Amino acid sequence: MMEDTILVTGGAGFVGSHACIALHEAGFRPVILDNFSNASEKVLDQLERITGQRFPLVRGDIRDAATLRDAFQRYRFDAVFHFAALKAVGESVRNPLAYYENNVSGTVILLQVMQEWGVRSLVFSSSATVYGEPRYVPIDETHPIGSTNPYGWTKVIVEQLLRDAAKANPKFLALALRYFNPVGAHESGLLGEDPLGTPNNLVPFVAQTAIGRRDHVPVFGTDYQTADGTGVRDYIHVMDLAEGHVAAFRTHHEDSGFKPYNLGTGRGSSVLEVISAFEKSCGARIPWKSAPRRPGDVAVNWADPALAIKRFNWRAWRDLQTMTDDVWRWQSAYPNGLQERTL
Ligand code: NAD
Ligand code: UFG
């Protein structure tokens, strides 16, 4: 399976680009397909600087069957790693149709073209959001499924699609990797998270505050039932996550069926712990202010990653300090990220 050619949809994005590095390091040949709705083409240059390889690029959309067919014909993919999606929870509430169209219809078209070309393995970016409101922590894969917003439902629905596709085709393999909170950056400082507009997520917001693009971090809720009153999450380094994809695929490439796995560390960190780790990374105080709880947020959420650890011979070993150190290296080298914008 070394040298397998892998279609990486959304491969210019945050998680997909780091997955391309992990694939390359493991001897695979990633081909990136991206419509650049939330990424810069400069990611390809950065990947080349890191790996010494120019990865082939298909500029296109997963909803465009003709583009997909051309790419499948040209590259003869052995498997698909499917990262392409819209992912902003708030935006999905305001514009649900765009989310169902991109994330669900796009995946249906991708699966149809995979079927036409006899490509039987898919690794799908799922999310801890498929567990809806956590009923207990740590969350294992048997936790009930549900959602609280359209983005989350797109992940639940795609998982169901994959379950049904695997039932109908006994050769089909679908690995649904349920990420907890991906953060961090490549250790080179050349590649990292590069959100457009105001970041929705904590770590990019803290990073932009540290670099001076924001004046303070709003801490959404300081009266939760947690040790310091702030929300607790399972932050996982994006390279651990990337390596988890490769480990999952290596373990299961000859298998079939729908297989969901949590990818997390099994450890929770509070908002204030994240800010404090970042202060150590950048060597300065990061201003923050108490703000009201964000609607839909829960107090605590972390993974039970035991299943992935047991099956894949993998674990997330990079700690919170490594995550914030790597984000700071990236943020300070590229204060404005790679996308064209001003401070
Ligand atoms: P991202 O926005 O950085 O990457 C997604 C990439 O897909 C972008 O480069 C975007 O341009 C591309 N894209 C979107 N729609 C497309 C389409 N129709 N055709 C072609 N390309 C398209 O996001 P990310 O953080 O790297 O997330 C990757 C995947 O992981 C997504 O499926 C996301 O839902 C999932 N996920 C992310 C998180 C997180 O917190 N980052 C958590 C859980 C799950
Ligand atoms: N937070 C702040 N200030 C901010 C941003 C976030 O205090 O400016 C807090 C949140 O209240 C939460 C923690 O930081 O306690 C983490 O928030 P993120 O937005 O970074 O992450 P979430 O856990 O809320 O969201 C993640 C994914 C979503 C997914 C959700 C549920 O980013 O895609 O988990 O699984 F839907």
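Per chain, residue numbering runs from 1 following the sequence as it is written. The order in which chains are written sets their letters, starting at A; the order in which ligands are written sets their numbers, starting at 1. Local features in a predicted model are, by the rule used here, given only for residues with pLDDT of at least 70; side-chain atom pairs are given and counted only at 80 or more, and totals for whole chains, interfaces and linings are based on all residues. Working from all heavy atoms in the structure, the side-chain values ignore hydrogens and water.

**Re the overall build of the chain**
For the record, the criterion: Under the DSSP-based scheme used, a helix requires at least four consecutive residues in state H or I and a strand at least two consecutive residues in state E, with every element numbered from the N terminus. The quantity called the radius of gyration is restricted to C-alpha atoms. Its globule counterpart is 2.2 Å times the number of residues to the power 0.38. What makes two residues a contact is simply this: any of their non-hydrogen atoms within 4.5 Å. Only four residue types enter the tally: Lys and Arg on the positive side, Asp and Glu on the negative side, with His and both chain ends excluded. The location of each charge is read from NZ of Lys, CZ of Arg, CG of Asp or CD of Glu.
Within the chain one finds 11 helices and 14 strands. Its C-alpha atoms give the chain a radius of gyration of 19 Å, near enough to 20 Å, the size a compact globule of 343 residues would have. Projecting the C-alpha coordinates of the chain onto the three principal axes gives extents of approximately 55 × 45 × 40 Å. For the chain, long-range pairs separated by at least 24 residues make up 79% of all intrachain contacts whose partners lie at least 6 apart in sequence. Side chains of the chain give 35 positive and 38 negative charges; the mean places of these two sets differ by 1 Å.

**So, the side chain of S92**
Heads up, the rule is: Relative accessibility decides the category of a residue: with a 1.4 Å probe and only protein chains considered, values under 20% of the type maximum give buried, values over 50% give exposed, and everything between is partly exposed. A 3.5 Å cut-off defines polar contacts: any pair of N or O atoms within that distance qualifies, except that in protein one atom must be a possible hydrogen donor and the other a possible acceptor, and neighbouring residues in sequence count only when both atoms are side-chain atoms.
One can find S92 in helix α4 (residues 89-94). Its relative accessible area of 0% is what places S92 among the buried residues. There is a polar contact of 2.6 Å between the side chain of S92 and the backbone oxygen of V89. In this structure the side chain of S92 is engaged in a polar contact, spanning 3.0 Å, whose partner is the backbone nitrogen of Y151.

**Observations concerning the packing of helix α5 (residues 96-116) against helix α6 (residues 150-168)**
Let me state the cut-off plainly: To obtain each axis, a line is fitted to C-alpha atoms, and for helices this fit is confined to the stretch in contact; angles are then taken between N-to-C directions over 0 to 180 degrees. Any angle from 65 to 115 degrees is called roughly perpendicular, while one under 35 is roughly parallel, one over 145 is roughly antiparallel, and all others are oblique. Handedness of a helix crossing follows the sense of rotation of the near helix relative to the far helix, less than a right angle counterclockwise being left-handed and clockwise being right-handed.
Viewed as axis vectors pointing N to C, α5 and α6 meet at an angle of 20 degrees, and their least axial separation amounts to 9 Å. Of the possible angle classes, the one that applies to α5 and α6 is roughly parallel. You can see that α5 and α6 cross each other, and the crossing is right-handed. Every residue of α6 that contacts α5 at P96, Y99, Y100, N103, V104, T107, V108 and L111 is listed here: P150, Y151, W153, T154, I157, V158, L161 and L162.

**Remarks on the sheet that holds strand β14 (residues 300-301)**
Quick note on the threshold: When DSSP finds at least two bridges between two strands, those strands are taken to pair.
Taken in spatial order, the 3 strands make up an open sheet running β12-β9-β14, and their pairing is mixed. A strand with exactly one partner marks an edge of an open sheet, and here the two such strands are β12 (269-270) and β14. Pairing analysis gives 2 bridges linking strand β9 (residues 232-233) to β12, with the strands arranged antiparallel. Counterpart to R233 in the pairing with β12 is S269.

**Concerning the sheet that holds strand β11 (residues 257-263)**
With respect to topology, 7 strands assemble into an open sheet ordered β3-β2-β1-β4-β5-β6-β11, the strand pairing being parallel. Every other strand in the sheet has two partners, leaving β3 (57-59) and β11 as the edge strands with one partner each. When the angles between neighbouring strand axes are averaged without regard to direction, this sheet yields 20 degrees. Bridge count between strand β4 (residues 79-82) and strand β5 (residues 121-127): 3 bridges; the pairing is parallel. Looking at the pairing, H82 lines up with F124 of β5. The strands that helix α3 (residues 65-75) touches are β1 (5-9), β2 (29-34), β3 and β4; relative to β3, the one it contacts most, it runs at about 165 degrees.

**Remarks on the pairing of strand β6 (residues 173-179)**
Applied cut-off: Handedness of a crossover is defined as follows: orient the strands so they point away from the viewer, and if the path from the first strand over the helix to the second runs clockwise, the crossover is right-handed.
The buried fraction of β6 amounts to 7 of the 7 residues, a majority that puts the element mostly inside the structure. With burial as the criterion, each face of β6 is covered, one bearing L173, L175, L177 and Y179 and the other bearing A174, A176 and R178. Pairing of β5 with β6 involves 7 bridges; the strand directions are parallel. By the bridge assignment for β6, S127 is matched with Y179. Running through α6, the crossover from β5 to the neighbouring parallel element β6 is right-handed. When β6 meets β11, the two strands line up parallel, connected through 7 bridges. Opposite L173, over in β11, you have G257 as the bridge partner.

**A look at the site of ligand 2**
For the record, the criterion: Throughout, near means a residue has at least one heavy atom within 4 Å of the molecule or strand. Per-residue accessibility takes into account occlusion by the displayed protein chains alone, with areas from the Shrake-Rupley method and a 1.4 Å probe. Just so you know the grouping, Ala, Val, Leu, Ile, Met, Phe, Trp, Tyr, Cys and Pro go in nonpolar, Asp, Glu, Lys and Arg go in charged, and all remaining residues, Gly too, go in polar.
Of all residues adjacent to ligand 2, which total 17 residues, the nearest are L202, P218, R233, R294 and D297. T129 places a polar main-chain atom, nitrogen or oxygen, 3.1 Å from an oxygen atom of ligand 2. One of the backbone N or O atoms of N200 is found 3.4 Å from an oxygen atom in ligand 2. Taking 690 Å² as the accessible area of ligand 2 by itself, protein coverage stands at 88%. The element that contributes the greatest number of residues to the shell around ligand 2 is strand β8 (residues 217-220), accounting for 3 residues. A per-class count over the shell around ligand 2 returns 9 nonpolar, 5 polar and 3 charged.

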